[in-house]
Amino acid sequence: MEQYKINLHYAKALFMLASDMNCVDKVNEDMRLVQQVCGENRVLNKVFANPTIKETKKSAIVEDLFKGHISEVSMAFLCFVVRKRRAVSLRGIANAYIELWRDKNNVVLAEFVTAVDIDQQLLDEAKQMIADYTGKEVEFVARVDNHRIGGFYLTFDNKLYDDRIRTKLIKLRNEFSRNEYESKIARR
């Protein structure tokens with residue numbers, strides 16, 4: 001919880017700076033890139049978390065990675081965060097900034113996970129249903145999880161609709177474990 005507050009604090013500062021400089025959307029794109037790079041590179045995260053590596057070295061790594069790919073505002077902010085010994089928090093700060101951007105722009109993130117590929121028409125229908133329900137624009141992420149038996153689950157706006165086969169089997173097992181059927185037969 002403490003780390004989330006720190007990330008949010010830095011993200012709000014960046015959001016205010018970006019608002020003052022009229023580059024909120026550009027910084028959002030930059031933070032999505034930071035989020036992606038930090039999310040995909042475990043070695044980079046270990047370097048950022050290593051206290052024996054000096055901040056100057058970490059700052060040089062950040063500059064090598066992002067210079068020319070992100071705006072000057074974002075670059076200066078990332079270097080500032082690294083100098084403040086918060087390099088390990090870059091991904092969390094990027095996530096928090098993106099959430100702030102979504103709130104400001106009335107956008108909701110929806111994640112649709114299925115066991116098999118589904119057609120674009122069904123995805124569009126689900127996206128439209130969420131937009132109608134929330135009254136917000138929908139940022140839709142659809143992915144396939146091959147480890148699922150079947151069904152799907154949909155998360156958005158702190159809500160979960162779970163229609164996985166595994167969930168149905170668990171509910172059925174719990175229902176049978178209560179022996180409701182046995183007690184109904186005994187009454188006759």
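Everything below is about the structure printed above this text.
Everything numeric in this text was worked out from a predicted model, so none of it was measured. (Residues numbered from 1 in each chain as written. Predicted model: local features only at pLDDT ≥ 70, side-chain atom pairs only at ≥ 80, totals over all residues. Heavy atoms only, no water.)

Side note on the overall build of the protein
What counts, and what does not: Put simply, DSSP H or I for four residues or longer makes a helix, DSSP E for two residues or longer makes a strand, and each gets a number counted from the N terminus. With C-alpha atoms as the basis for the radius of gyration, the globule rule is written as 2.2 Å multiplied by the number of residues raised to the power 0.38. Three labels apply to residues, based on accessible area from a 1.4 Å probe with only protein chains included: buried if under 20% of the type maximum, exposed if over 50%, partly exposed otherwise in between. By the convention used here, residues are in contact when the closest approach between their heavy atoms is within 4.5 Å.
A tally of helices and strands in the protein yields 9 helices and 4 strands. Whereas a compact globule of 188 residues would reach a radius of gyration of roughly 16 Å, the protein reaches 22 Å, over 25% beyond that. Along the three orthogonal principal directions, the C-alpha set of the protein runs to about 80 × 40 × 30 Å. Here the protein holds 188 residues, and the buried ones make up 35% of them. Sequence-distant contacts in the protein: of pairs separated by 6 or more residues, those separated by 24 or more amount to 66%.

Quick notes on the state of the cysteines
The criterion, for reference: Disulfides are defined as cysteine sulfur pairs within 2.5 Å.
As enumerated under the stated definition, the model contains 0 disulfides in all. Of all cysteine sulfurs, the one in Cys79 lies closest to Cys38, which takes part in no disulfide; the gap is 13 Å. When its relative accessible area of 8% is taken as the criterion, Cys79 is described as buried.

Brief notes about the side chain of Ser89
With respect to the helices, strands and loops of the structure, Ser89 is situated in the loop between α5 (72-83) and α6 (90-104). Taking relative accessible area as the criterion, Ser89 reaches 2% and is therefore assigned buried.

Points about the pattern of salt bridges
To keep it simple, the criterion reads: Within this document, salt bridges are pairs made up of a side-chain nitrogen of Lys or Arg and a carboxyl oxygen of Asp or Glu, the two lying within 4 Å of each other.
Applying the stated rule across the entire model yields 7 salt bridges. A salt bridge links Glu139 to Arg32, with the shortest nitrogen-to-oxygen separation between them at 2.9 Å. A residue pair is termed long-range when its members are at least 10 positions apart, and Glu139 in strand β2 (residues 137-144) and Arg32 in helix α2 (residues 24-40) qualify at 107 residues. Residue Glu139 is classed as buried on the basis of its relative accessible area, which comes to 19%.

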